[in-house]
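# Commentary on secondary and tertiary structure
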Amino acid sequence: MSAFPLTWLYAPGDRPHVVTKALSSGADVVVVDLEDAVAPDRKAYARAATAELLSGPQPVPVHVRVNALDGPWAAQDVRAVAGLDGVAGLRLPKVTSAQDVAGVAERTALPLFALLESALGIERAYAVAAAHPSLRGIALGESDLRADLGVRDDMGLDWCRSRVVVAARAAGLPPPPQSVHPDIRDLEGLSASCAHGRALGFLGRAAIHPRQLPVIQRAYLPTPAELEQAETIVKAAMTDLGAQALPDGRFVDAAVVAAARRTLSLADRS
């Protein structure tokens, strides 16, 4: 997997044939969902099917989203999948405190990813992001957050989105991926939403259908113009003259050079 995964494809844990298809979809990370996508009476089956499917190594990194940590199934989920060769990480839904993360970290050495889906989770975003060395990322769960806040207009979530981006970076974590775009037919809307998320500082996005993956990749990969600009900046930095202005008037310092190098790294994904 690239150092900069851009696509995180969810697949329901009680449908192993869908998970198998997801593994060959081209997604950077596949997330097997034991929570929202699985009805209560199928939780045990989903857990067992996931454990069987992920018992060995997989062609791409696979994370498992366990059930809500304060509910009756999360502990069983963690026990069932934490030691499997095919599981590369756990996604923890509805996290509201650093203790939520630390409690899971005590039971597994797997990388953890916290989903902030409530007003309380957003209010404690930095505390969660800095909770434990095993935590490798945070992200929003916008559907639950929207319901908790009573927000109807999409722009009403922008403050929360920025809060999560800032908290992640302040804690030394990668930029978070965007939450899912729920309408799998609305690819034009997905593209526009990705452009907005990129402007806010997100990197990549969760998806719920393979048809969304190319749209997300195009939105987050650098354009030819951005690559040309980045190459010009990095070349200028090699002169070792410190901060300077390019011929077109753009000012270049260490922060600008670091951003340019990240742009080039994104283009070199493998």
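All of these numbers come straight from a predicted model, not from anything done at the bench.

What counts and how
- Residues numbered from 1 in each chain as written.
- Predicted model: local features only at pLDDT ≥ 70, side-chain atom pairs only at ≥ 80, totals over all residues.
- Heavy atoms only, no water.
- 1 Å grid on protein atoms, 1.4 Å probe; cavity = no way out; pocket = protein on both sides within 12 Å on 5 of 7 lines; lining within 4 Å.
- Points joined across faces, edges and corners; volume = space filled by probe spheres on them.
- Helix = DSSP H or I, 4+ residues; strand = E, 2+ residues; numbered from the N terminus.
- Nonpolar A, V, L, I, M, F, W, Y, C, P; charged D, E, K, R; others polar.
- Buried < 20%, exposed > 50% of the residue type's maximum accessible area, 1.4 Å probe, protein only.
- Arc of directions from axis to C-beta.
- Contact = heavy atoms within 4.5 Å.
- Pairing = 2+ DSSP bridges.
- Axes fitted to C-alpha atoms, helices over the stretch in contact; angles between N-to-C directions.
- Phe/Tyr/Trp six-rings, centres within 6.5 Å; stacked < 30°, edge-to-face > 60°.
- Right-handed = clockwise from strand over helix to strand, strands pointing away.

What follows concerns the layout of surface pockets. Taken as a whole, the largest pocket holds about 740 Å³ of empty space. In this structure, the largest pocket is lined by 37 residues; those nearest its centre are Tyr10, Val180, His181, Pro182 and Ile208. Looking at the lining of the largest pocket, the elements with two or more residues in it are strand 1 (7–12), helix 1 (16–23), strand 6 (135–140), helix 7 (142–149) and strand 7 (205–207). Classifying every residue of the lining of the largest pocket by side-chain character gives 16 nonpolar, 8 polar and 13 charged. Put simply, the second largest pocket is a space of about 410 Å³. Along the wall of the second largest pocket there are 25 residues; nearest its centre are Pro5, Trp8, Phe113, Arg136 and Pro174. For the lining of the second largest pocket, the secondary-structure elements that each account for two or more residues are strand 5 (112–116) and strand 6. A per-element tally of the lining of the second largest pocket places strand 6 first, with 4 residues.

For helix 10 (residues 213–220), every residue scored as buried is listed here: Leu213, Val215, Ile216, Ala219 and Tyr220. Looking down the long axis of helix 10, one finds its buried residues gathered within 165° of arc, a one-sided arrangement. Those residues of helix 10 that are buried lie in contact with strand 1, helix 9 (187–200), strand 7 and helix 12 (254–267).

This paragraph deals with the sheet that holds strand 6. In spatial order, the strands read 6-5-4-3-2-1-7; together these 7 strands make up an open sheet with parallel pairing. The two strands at the open ends of the sheet, each matched to only one other strand, are strand 6 and strand 7. The average undirected angle you get between the axes of adjacent strands in this sheet is 25°.

What follows covers the packing of aromatic side chains. Across all of its chains, the model carries 1 aromatic pair by this definition. On the numbers, 6.1 Å between centres and 65° between planes, the contact of Trp8 with Phe113 is edge-to-face. Taken together, the positions of Trp8 in strand 1 and Phe113 in strand 5 put the pair 105 residues apart, joining distant regions of the chain. Given a relative accessible area of 12%, Phe113 falls into the buried group.

Moving on, we come to empty space enclosed by the protein. By the definition in use, this model includes 1 cavity of 30 Å³ or more. Taken as a whole, the largest cavity encloses approximately 30 Å³ of empty space. Lining the largest cavity, in full, are Asp154, Arg161, Gln178, Ser193, His196, Gly197, Leu200 and Phe202. Of the residues that constitute the lining of the largest cavity, the class distribution is 2 nonpolar, 4 polar and 2 charged.

Moving residue by residue along a regular strand, the side chains alternate between the two faces of the sheet. The buried count for strand 5 comes to 5 of 5 residues, which makes it a mostly enclosed element. Residues Leu112, Ala114 and Leu116 of strand 5 are buried on one face, and the alternating residues Phe113 and Leu115, pointing to the opposite face, are buried as well. For strand 4 (residues 89–92) and strand 5, the ladder comprises 3 bridges, and the chain directions are parallel. By the bridge assignment for strand 5, Arg91 is matched with Phe113. Note that the unit made of strand 4, helix 4 (residues 98–105) and strand 5 has a crossover that is right-handed.

Here the focus is the side chain of Arg205. Counting through the fold element by element, Arg205 comes out in strand 7. With residues up to four places along the chain from it excluded, the contact list for Arg205 reads Leu6, Thr7, Trp8, Pro177, Gln178, Ser179, Val180, His181, Leu190, Ser193, Cys194 and Ile216.

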